[in-house]
Amino acid sequence: MNEYPGIFEKKRQKSPGYLEDMKKSDWYLRLKQRPGLKAVFVLIGIVLLLSIFAPYLAPQDPNVVDLYDKNQGPSAGHLLGTDYLGRDLFSRVICGLQTSMAIALTTIVFSFIIGVAVGGYSGYKGGWVDNVVARVIDVFLAFPSIILALALITLIGPGILNMVLMLAVVQWASLARLMRGQVLYEKNQEYVLSARASGFSGSRILIRHIIPNCVMPVVVLATIDIGHTILTISTLSFLGMGIPPSIPEWGSMINSGISYMRIAPLNVIVPGIAITIVTLLFNMAGEGIRDITDPKSDGEGSI
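Residues numbered from 1 in each chain as written. Predicted model: local features only at pLDDT ≥ 70, side-chain atom pairs only at ≥ 80, totals over all residues. Heavy atoms only, no water.

The name an unreviewed UniProt entry gives the chain is Binding-protein-dependent transport systems inner membrane component, with Methanolacinia petrolearia as the organism. According to the UniProt record, the Sequence similarities (unreviewed entry) comment for the chain reads "Belongs to the binding-protein-dependent transport system permease family." (UniProt positions renumbered as here; feature names shortened; annotations may be inferred.)

Caption draft 1: Representation of the overall build of the chain. From N to C terminus, the chain includes 13 helices and 0 strands. Counting from the amino terminus, the chain carries its helices and strands in the arrangement α-α-α-α-α-α-α-α-α-α-α-α-α. Within the chain, counting contacts between residues at least 6 apart in sequence, those at least 24 apart form 72% of the total. When the accessible surface of the chain is summed, it comes to about 15000 Å², and 66% of that surface belongs to carbon and sulfur atoms. (Helix = DSSP H or I, 4+ residues; strand = E, 2+ residues; numbered from the N terminus. Contact = heavy atoms within 4.5 Å. Areas by Shrake-Rupley, 256 points an atom, 1.4 Å probe, with all protein chains shown as cover.)

Caption draft 2: Region of interest: a nonpolar patch on the surface. Side chains of Val 42, Leu 43, Ile 46, Leu 49, Leu 50, Ile 52, Phe 53, Tyr 56 and Leu 57 sit close together on the surface and give an oily, nonpolar patch of about 880 Å² of accessible area. Contributions of two or more residues to the nonpolar patch are made by helix H4 (35–52) and helix H5 (54–57). Considering the arrangement of structural elements, one finds Ile 52 in helix H4. (Patch = residues over 30% accessible without salt bridge, like charges linked within 9 Å, V, L, I, M, F, W, Y side chains within 5 Å. Salt bridge = Lys/Arg side-chain N within 4 Å of Asp/Glu carboxyl O.)

Caption draft 3: A look at the UniProt feature "transmembrane region" (unreviewed entry) in the chain. Per the UniProt record, "transmembrane region" (unreviewed entry) is found at residues 39–58, 101–120, 132–153, 159–179, 214–243 and 263–282. As annotated, residues 159–179 comprises 95% helix and 0% strand, and the C-alpha atoms at either end are separated by 30 Å. The span residues 263–282 shows a helical share of 85% and a strand share of 0%, and its end C-alpha atoms are spaced 33 Å apart.

Caption draft 4: Summary view of the packing of aromatic side chains. Tallied over the entire structure, the rule returns 2 aromatic pairs. Seen from their ring centres, Tyr 84 and Tyr 260 are 5.5 Å apart, and the 15° between their planes marks the pair as stacked. A residue pair is termed long-range when its members are at least 10 positions apart, and Tyr 84 in the loop between H5 and helix H6 (89–125) and Tyr 260 in the loop between helix H12 (250–257) and helix H13 (266–293) qualify at 176 residues. The partly exposed category is assigned to Tyr 260, whose relative accessible area is 29%. Between the aromatic rings of Phe 140 and Trp 172, the centroid separation amounts to 5.3 Å while the plane-to-plane angle is 70°, which identifies the pairing as edge-to-face. Of the two residues, Phe 140 sits in helix H7 (residues 127–142) while Trp 172 sits in helix H9 (residues 160–186), which places them 32 residues apart along the sequence. What makes Phe 140 partly exposed here is its relative accessible area of 25%. Residue classification places Trp 172 among the buried residues on the basis of a relative accessible area of 11%. (Phe/Tyr/Trp six-rings, centres within 6.5 Å; stacked < 30°, edge-to-face > 60°. Buried < 20%, exposed > 50% of the residue type's maximum accessible area, 1.4 Å probe, protein only.)

Here it is as structure tokens:
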């Protein structure tokens, strides 16, 4: 029996929410029509598998030092050569992928939960609560993300846990602002007004109906933010303020390899290419998800 009599019918007719529109536009067929986007998803799946099984796929221990074999070019024993300490470059790059993906995904999960919860509650509650939250979001967004990240990491110090906490603080505001805007629009739709008139609690309406209809744009932004987060991690590590040197990470590898760029350029080129590829993949995935789930998108310029 329908516990919301008449509400769902109005929702299907009036709500501009993503979930209902996704059914109308058949996002799966949209995905099938974009072979480039399918390729991106496949490549992201490969990246995730490589990051999960990195310790098993690395041919050598990424931290084993061999000063007699430093700054060597590609060979049978070292597919991409060695760094300035004689460590296997391929092993360090693939283990660096695990480090970056673990931090980035954990950060985005925390940021997503905080952003959806804060933005959703603020937009639905309105009044002084919404005004306070909006001002707090504005304060966080007023600073360039890298400047805010540098300030926070200076205060709390380097380390993986501190990096996750710092990046979550930096990232949540943009997700919360987007969620707040979506909820402010959605809460005035007829199905929400009908639910209120029927006496249903605000928390139930928000969690079960408004948030599912508003969350997809936040998913798109969060997907794109994964690439941006990896770039921020690499930037901080390049500046010596991120991951400890004992842990393989792309930014610190570039920093260490710059001094030997002329004699061993792969120490800089390989991690640089890795950062570029992974960042682009998640950016393209986010744009692709937006196109296949938004019925208003004509898909022009999409992969």
